[in-house]
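Per-entry structural report
Listed below, chain by chain, are the residues.
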Amino acid sequence: MKVLVIGGDGYCGWATALYLSNRGYDVGILDSLVRRHWDLELGVETLTPISSIHQRIQKWQKLTGKQIDLFVGDINNYDFLQKSLREFQPEAVVHFGEQRSAPFSMIDREHAVLTQTNNVIGNLNLLYALRDDFPDCHLVKLGTMGEYGTPNIDIEEGYITIEHNGRTDTLPYPKQPGSFYHLSKVHDSHNIQFACKVWGLRATDLNQGVVYGVLTEETGMDEMLINRLDYDAIYGTALNRFCIQAAIGHPLTVYGKGGQTRTFLDIRDTIRCVELAISTPAKSGEFRVFNQFTEMFSINDLALKVKQAGIALGLDVEINTIDNPRVEAEEHYFNAKNTNLLNLGLQPHFLSDSLLDSLLNFAIKYQHRIDRAHILPKVNWKRL
Ligand code: NAD
Ligand code: USQ
């Protein structure tokens, strides 16, 4: 099957592209490389030294004999997108290619607008390109669990059946996102659902939780295939950040009370979930939603786990509570369903001591690359 991975130079996309290529899929990567540009602009670097996309793909071909086609360009450029799709002829498109940081989207008006135009228009272009040339192609779109927010009732997978004044209907689950980035994902979901309804496209929205870890079988084959691992306050995410902080003796940065509960998954499950979605496509006209995570943790739980794993490695780990730069509930009910992917056969890699160990050791190995100035958060959600 021919699969185009949009955003294939990024954290989730690179691991997915190699995994699918290894599994025998005919893979293409489309990426504007804008994430590398944003890193330069922010003055941050991934913990790990990543090679250029060209070097990465060449090395992969040398090691495995497998070819990955490369399309460098922006999906906001419709001509480029249309031309690339026509050349590659995808049967499935996995769309990771968006600005994915909540703090980035909250820096100021420019960054909010950039995030929403990049994400919403890019996705809308993709919907039109599929409608015109590949109406049967399965769109697998990365959404986020953060679309739902933290409601005081259980979170279902995309839809909820509601009885109101004696009548019943199954409706999209209410969305209460917590940043202009998370809002962009909600807008995407609505656009995709509408396109499936009016044009008969087939799509799966993967509402993914926070991803952790860095090693996959494929990216571990050679240092030139190494994946990015962000630790800075803009792009670094909770668990990855905590492990890197622990490795250099920086106190773990718990925002506010730390009772924020989120969903999480190992990057090795991200790639498997995408494959499960691709191999059982949505029906024509269907907008399918899967909640893509394996476990739920509060931020305090995570900090404690990292502290314990760090102590076992002889590290001195301190947990610091700092003022929460975000506006979010810090103590709340949270219970989300994730049965769709399990029913398709997902066998989760639950968070284990060995994973924490490996992540901590990765961080220790590359600690000389860490710039401590980028650890504490500087972007505030509130109107200061
Ligand atoms: P990333 O920033 O590492 O990768 C995104 C890639 O998309 C980058 O290589 C970037 O250059 C590319 N890109 C961005 N805009 C583009 C455009 N207009 N045209 C072409 N390419 C473009 O992000 P990631 O962590 O790999 O996340 C991938 C997707 O998964 C995102 O949509 C994100 O919202 C979603 N997601 C990520 C996480 C996580 O914890 N990392 C969790 C849930 C959902
Ligand atoms: N947090 C801390 N300390 C930190 C970093 C984060 O307490 O040092 C807290 C935040 O306040 C928040 C939670 O941890 O309550 C998660 O924050 P995060 O930065 O790990 O993740 P988030 O901003 O939600 O975004 C990440 C990805 C995004 C994806 C999302 C999935 O960057 O692309 O969509 O996770 S989800 O969280 O399910 O929305």
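- An unreviewed UniProt entry lists the protein chain under the name Nucleoside-diphosphate-sugar epimerase, with Chamaesiphon minutus as the source organism.
- As its UniProt record puts it under Sequence similarities (unreviewed entry), the protein chain is described as follows: "Belongs to the NAD(P)-dependent epimerase/dehydratase family."

Things to note about the sheet that holds strand β13 (residues 295-298)
- Reading across from one edge, β9-β11-β13 is the order of the 3 strands in this open sheet, with mixed pairing throughout. The open sheet has two free edges, formed respectively by β9 (210-212) and β13, since each of these has just one partner strand. When the angles between neighbouring strand axes are averaged without regard to direction, this sheet yields 45°.
- Sheet topology places β9 next to strand β11 (residues 261-266); 3 bridges connect them, and they run parallel. Along β11, the bridge assignment pairs Val210 with Phe264.

Description of the site of ligand 1
- Of all residues adjacent to ligand 1, which total 28 residues, the nearest are Gly7, Gly10, Arg35, Gly97 and Arg100.
- Those elements that place two or more of their residues in the shell around ligand 1 are α1 (11-22), α2 (34-42), α6 (109-133), β5 (138-144) and β9.
- Looking at which element gives the most residues to the shell around ligand 1, the answer is α1, with 3 residues.
- Residues of the shell around ligand 1, tallied by class, amount to 9 nonpolar, 12 polar and 7 charged.

Examining the packing of helix α4 (residues 78-88) against α6
- It is at 10 Å that the axes of α4 and α6 come closest, and there the two elements cross at 45°. Judged by the inter-axis angle, α4 sits oblique to α6. Judged by the twist between their axes, the crossing of α4 over α6 is right-handed. Residues Tyr78, Leu81, Gln82, Leu85 and Arg86 of α4 touch α6, and the partners they reach there are Asn125, Leu126, Ala129 and Asp133.

As for unusual backbone geometry
- The backbone phi angle of Gln89 is positive, close to 60°, even though this residue is not glycine.
- With respect to the secondary-structure elements, Gln89 resides in the loop between α4 and β4 (92-95).
- Of note in this structure, Asn165 is not a glycine but carries a positive phi near 50°.
- Within the fold, Asn165 resides in the loop between β6 (159-164) and β7 (167-172).

What about the site of ligand 2?
- What surrounds ligand 2 is a group of 21 residues, the closest being Thr144, Met145, Gly146, Thr237 and Tyr255.
- Breaking the shell around ligand 2 down by element, the ones donating at least two residues are α8 (238-247), β10 (252-255) and β11.
- The greatest single-element share of the shell around ligand 2, amounting to 3 residues, is contributed by β10.
- Classifying every residue of the shell around ligand 2 by side-chain character gives 7 nonpolar, 9 polar and 5 charged.

As for the nonpolar core
- Counting residues in each nonpolar core, the largest one holds 94 residues, and the members touching the most others are Cys243 and Val306.
- If one sorts the elements of this core by residue count, α1 sits on top with 8 residues.
- In contact with Val306, other than residues within four places in its own chain, are Phe242, Cys243, Ala246, Leu252, Val317 and Leu356.
- The next biggest cluster of nonpolar side chains, apart from the first, holds 10 residues, and it includes Phe104, Leu183, Ala233 and Ile234.

Cut-off values and rules
Residues numbered from 1 in each chain as written. Chains lettered and ligands numbered in written order. Predicted model: local features only at pLDDT ≥ 70, side-chain atom pairs only at ≥ 80, totals over all residues. UniProt positions renumbered as here; feature names shortened; annotations may be inferred. Pairing = 2+ DSSP bridges. Helix = DSSP H or I, 4+ residues; strand = E, 2+ residues; numbered from the N terminus. Axes fitted to C-alpha atoms, helices over the stretch in contact; angles between N-to-C directions. Near = placed C-beta within 6 Å. Nonpolar A, V, L, I, M, F, W, Y, C, P; charged D, E, K, R; others polar. Parallel < 35°, antiparallel > 145°, perpendicular 65-115°, else oblique. Left-handed = near helix turned anticlockwise from the far one by under 90°. Contact = placed C-beta atoms within 7 Å. Core = buried A, V, L, I, M, F, W, Y, C linked by C-beta atoms within 7 Å. Buried ≥ 20, exposed ≤ 12 C-beta atoms within 10 Å, placed from the backbone.

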